[in-house]
Amino acid sequence: MNHYEYTQSVLRTARTDLNKEKQLQNILLGIAGESGEILDCFKKQLFQDHPQDKSKIMNEVGDVLFYLYWLAENQGFTIEDCMAANKAKLEKRYPVTFSPTLSLNREKE
């Protein structure tokens, strides 16, 4: 499945009946909530002796992905746009590979 197919498939479940501002509120709360569920999986593993539940983690990452795609759509760009911008930023910041020295001495954006 490519990004376009994913977008078409999952965004059909987004609350598009809401106005753009309400959608944004829904999206931001959704990202926070689903990210919290990922953190909870690791909290349980690290501090409550639960086994790692990769299936649960994968499902929650998928939920965050849904909200990120919806956020991009809501703001008028695509995930591909985000990927290209992030790639360019990281290539400029770290031309060869990550370096703590480059990280400490990089220009503020």
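So, how was this worked out
- Residues numbered from 1 in each chain as written.
- Predicted model: local features only at pLDDT ≥ 70, side-chain atom pairs only at ≥ 80, totals over all residues.
- Heavy atoms only, no water.
- Helix = DSSP H or I, 4+ residues; strand = E, 2+ residues; numbered from the N terminus.
- Rg over C-alpha atoms; globule rule 2.2 N^0.38 Å.
- Buried < 20%, exposed > 50% of the residue type's maximum accessible area, 1.4 Å probe, protein only.
- Contact = heavy atoms within 4.5 Å.
- Areas by Shrake-Rupley, 256 points an atom, 1.4 Å probe, with all protein chains shown as cover.
- Lys, Arg positive; Asp, Glu negative; His and termini not counted.
- Charge placed at Lys NZ, Arg CZ, Asp CG, Glu CD.
- Patch = residues over 30% accessible without salt bridge, like charges linked within 9 Å, V, L, I, M, F, W, Y side chains within 5 Å.
- Salt bridge = Lys/Arg side-chain N within 4 Å of Asp/Glu carboxyl O.

*Asks:* Honestly, the overall build of the protein in this entry has me stumped. Any pointers?
*Replies:* Counting its secondary structure elements, the protein contains 5 helices and 0 strands. Going from N to C terminus, the protein has its helices and strands arranged as α-α-α-α-α. Computed over the C-alpha atoms, the radius of gyration of the protein is 17 Å, more than 25% above the 13 Å expected from 2.2 N^0.38 for a compact globule of 109 residues. Seen through its C-alpha atoms, the protein measures out along the principal axes to roughly 45 × 45 × 30 Å. Within the span of the protein, comprising 109 residues, buried residues form 23% of the whole. Residue pairs at least 24 apart in sequence account for 61% of intrachain contacts in the protein once pairs closer than 6 positions are excluded. In the form shown here, the protein has an accessible surface area of approximately 8,300 Å², with 58% of it arising from carbon and sulfur atoms. Looking at charge distribution, the protein has the averaged site of its 14 positive side-chain charges lying 5 Å from that of its 16 negative ones.

*Asks:* Looking at this structure, how should I read a nonpolar patch on the surface?
*Replies:* Taken together, the side chains of Phe42, Leu46 and Phe47 define a hydrophobic patch exposed on the protein surface, amounting to about 350 Å² of accessible area. Here leucine 46 is to be found in helix H2 (residues 20-47).

*Asks:* Can you walk me through the pattern of salt bridges in this structure?
*Replies:* A side chain with one charge may pair with a side chain of the opposite charge, provided their charged atoms come close. One pass over the structure, following the stated rule, counts 6 salt bridges. Lysine 56 is the salt-bridge partner of glutamate 37, the closest N and O atoms lying 3.4 Å from each other. Highlighted residues: glutamate 37 in helix H2 and lysine 56 in helix H3 (residues 54-75), separated in sequence by 19 residues. Take lysine 56: its relative accessible area is 33%, and that puts it in the partly exposed class. Notably, a salt bridge pairs glutamate 60 with lysine 56, separated by 2.7 Å at the nearest N-O pair. Of this pair, glutamate 60 and lysine 56 are both found in helix H3, 4 residues apart, which corresponds to roughly one turn of the helix.

Honestly, it's all geometry; don't read function into it.
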